Amino acid sequence: MRGTEEGIPLPSKDHSFNGMDNPTFTNEDGNLYCVVTESKAKNEKTIKNGTITTHKKKDSNKLAYCVTDVPPWYLCILLGIQHYLTALGGIVAIPLILSKGLCLTHDPLTQSHLISTIFFVSGICTLLQVVFGVRLPILQGGTFAFLTPTLAMLSLPKWQCPEWTQNASLVNATSPEFIEEWQSRIREIQGAVMVASCFQIFVGFTGLIGLLMRFIGPLTIAPTICLIALPLFESAGNDAGSHWGISAMTTFLIILFSQYLRNVPVPMPTYSKTKKCHFSMINLFQIFPVLFGIGISWLVCFVLTVTNALPSSPQSYGYLARTDVKGDVLSQAPWFRFPYPGQWGVPTISLAGVFGILAGVISSMVESVGDYHACARLSGAPPPPRHAINRGIGIEGIGCLLAGAWGTGNGTTSYSENVGALGITKVGSRMVIIAGGIMMLLMGIFSKIGAVFATIPTPVIGGMFMVMFGVIAAVGISNLQYADMNSSRNIFIIGFSIFSGLTIPNWVNKNTKLIETGIVQLDQVILVLLTTGMFVGGFFGFILDNTIPGTQEERGILAWKQVHEDESADILDTEDIYNLPFGIGTRFCTGSWTRYLPFCPKPREQDPSTSIQQEDSHDQSKDKEKETKH
């Protein structure tokens, strides 16, 4: 007997699925819309006479496409480009920030190669995460969590840039001496990222991420994420200060578009089979505020450059606002350049770099777990089970390993910006993110595109940093909503952690000789860790939160677990979304021993309707045996 759900008919034997679509999300009207229920209460099911009846709660939100839906190919391309553009600002910003520490301030061509490389690797990591990792529509890209320890490592006396590399007239980008200067630094970053990524792979595929999350709460996460951005105020101020008028305009435009005009719809030409060519109202300012802000400021700089309104002397204030400062990079960059592992040479390894990047790895892992749950909620999927989270963290570790091998100067992590874009666009299909990953791969091969972004004027970048770093710091502070901030205990922990994360690195940078032990390697490790505000603040937050007496509710652990807990969802929904693709889960994860693999789906429990059918068939076979004997 075949059961049916009320309003959701079970698939017939004649219907075949391609592994990407999910019949559970089919509506009564047959449209490509699915329902996301914000309430924690699940759909109630009753079984009567072999028929499954579902009592649904009130619909609270509709998605155009759910996680397992496959939109038309042209929509996948357009929506994939949109996700690529959403991540554009954050991904481009990382090589531009690192360029000063790598002595590449006056070598925009190499900056463009770094931008192309990080796009290429981000595309690979996105495809790995969506297909084999957590299998949610979540984009991968460079992470600011690695940026602070990397800059701390590059500030060591050994890696400080020679003065001649900061003088444009003395820099010859093709000379072997200059090439060795910047490549030796990026090889050091590569080795640190590759070794630290092995820790993330181990934590993910062994399931230790669950044990780690038991001791990490809001009072540890808040100072850690907050101190990713706060120490970068000097970098943002230097870039913005190259022309405060242009940087202020960039900041104003981004704020205007993202905050004041975000709910203002703009008519855009669209096409559909029913309405053909027509105009639809789209909140463009809410989707592309950073892109619009940078684009308009960039255009203003171009007009001021053409009209010679900006000074033409490199020694004059405002010269860096000109668009022709790095104009030669477009003509020098090749049309096609295929990034490959080891393109900058064989990576080198130092304990100082590894320990510094490890602090970024731990912060990135904890942040990614929160992104997985948010992405599942916005894409119409049940909360991710433990095996999917373990697999996702493990794949992110592999992504960091690849980023180190290719030499991006950074690692990879889940992009919160694109998780937010799912809620804006109402499109949660993972096929769209696959299209976005392919788009990033192609953009990494076309070097001219990376060269275009390398020519963005310095004050425009500074204006973008003013907003971006502020938002990252605010994201860290927002984690305090789970804790009781009326508690003097919590106020002390968060205040001391953040202030220590700013004070200690500042003092150590000015008094490096006072902490020397005589052992060079140990001195480098201590120097990198103590000059990384994220590590110092997170360390104090972790120790104090786990040693000072306080209730689970006071510490925010109960509310934190309530948001991040692995809620048991409907077995059919969970397996259709989080199971391994291409039949891997059903072929290789069916044995009893696989339940001990933290990244493998647990054997599927028997469905109630199936058990009823088996009981009926068993009773019928017994009746036949009795009749035969009689």
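Thresholds applied
- Residues numbered from 1 in each chain as written.
- Predicted model: local features only at pLDDT ≥ 70, side-chain atom pairs only at ≥ 80, totals over all residues.
- Heavy atoms only, no water.
- Helix = DSSP H or I, 4+ residues; strand = E, 2+ residues; numbered from the N terminus.
- Polar contact = N/O pair within 3.5 Å; in protein donor to acceptor, adjacent residues only side chain to side chain.
- Contact = heavy atoms within 4.5 Å.
- Phe/Tyr/Trp six-rings, centres within 6.5 Å; stacked < 30°, edge-to-face > 60°.
- Buried < 20%, exposed > 50% of the residue type's maximum accessible area, 1.4 Å probe, protein only.
- pLDDT = per-residue confidence, 0-100.
- Disulfide = S-S within 2.5 Å.
- Patch = residues over 30% accessible without salt bridge, like charges linked within 9 Å, V, L, I, M, F, W, Y side chains within 5 Å.
- Areas by Shrake-Rupley, 256 points an atom, 1.4 Å probe, with all protein chains shown as cover.
- Salt bridge = Lys/Arg side-chain N within 4 Å of Asp/Glu carboxyl O.
- Core = buried A, V, L, I, M, F, W, Y, C linked by side-chain atoms within 4.5 Å.

Trainee: Report on the side chain of T531, specifying residues and quantitative values.
Mentor: Positionally, T531 belongs in the loop between α19 (520-530) and α20 (533-547). One polar contact links the side chain of T531 to the main-chain carbonyl oxygen of L527, over a distance of 2.5 Å. With residues up to four places along the chain from it excluded, the contact list for T531 reads A152, P505, V508 and N509.

Trainee: Outline the packing of aromatic side chains, supporting the account with residue identities and numerical values.
Mentor: The full count for this structure, using the stated rule, is 10 aromatic pairs. Arranged with centres 5.1 Å apart and planes meeting at 70°, the rings of W182 and W344 form a pair that is edge-to-face. Taken together, the residues span a long stretch of sequence, with W182 in helix α4 (residues 176-205) and W344 in the loop between α11 (328-332) and α12 (351-378) at a distance of 162 residues. Of the residues examined, W182 reaches a relative accessible area of 4% and is grouped as buried.

Trainee: I'd like to hear about the environment of P601, residue by residue, with values.
Mentor: With respect to the helices and strands, P601 occurs in the loop between α24 (584-588) and α25 (608-629). We classify P601 as buried; its relative accessible area is 8%.

Trainee: Describe the confidence of the model for the protein chain, listing the residues and the values that go with them.
Mentor: For the protein chain, mean pLDDT is 76; residues scoring 70 or higher make up 78% of the total. Note that pLDDT drops below 50 for residues 1-33; the model gives that stretch 58 contacts with residues more than four away or on any other chain. Considering only residues more than four positions removed or in separate chains, one finds that residues 35-61, a stretch of pLDDT under 50, has 59 contacts.

Trainee: Lay out the environment of L529 with the relevant residues and their values.
Mentor: You can see L529 is positioned in helix α19. In this structure L529 comes out as buried when scored by relative accessible area, which is 14%. Once the C-alpha coordinates of L529 and I357 are considered, the two residues, 172 residues apart in sequence, prove to be 9.3 Å apart. Residues contacting L529, with those up to four places away along its chain left out, are F355, G356, F535 and V536.

Trainee: Residue-level account of the state of the cysteines, with values.
Mentor: Taken as a whole and judged by the stated rule, the model has 1 disulfide. There is a disulfide in this structure between C103 and C161, and the S-S distance comes to 2.0 Å. The sign of the S-S torsion, about -100°, decides the handedness of the disulfide formed by C103 and C161: left-handed. Here the residue C103 occupies a position in the loop between α1 (73-101) and α2 (108-131), and C161 occupies one in the loop between α3 (147-154) and α4, the gap between them amounting to 58 residues. The exposure class of C103 is buried, given its relative accessible area of 0%. With no disulfide of its own, C400 lies 7.4 Å from the sulfur of C125, the closest cysteine sulfur.

Trainee: Can you tell me about a nonpolar patch on the surface, naming the residues and giving the values?
Mentor: A surface patch of nonpolar side chains, about 610 Å² in accessible area, is lined by F202, L208, L211, F215, F539, F542 and I543. Broken down by secondary-structure element, the contributors of at least two residues to the nonpolar patch are α5 (208-215) and α20. Inspection of the secondary structure assignment puts F542 in helix α20. The class of F542 is partly exposed, set by a relative accessible area of 31%.

Trainee: Quick rundown of the nonpolar core? Include the residues and the values.
Mentor: The biggest cluster of nonpolar side chains holds 111 residues, and the ones touching the most others in it are L136, F144 and F469. Among the elements that line this core, the one with the most residues is α12, at 11 residues. Contacts of L136, omitting those with residues within four sequence positions, involve V67, V130, Y372, C375, A376, S379, A381, I577 and Y578.

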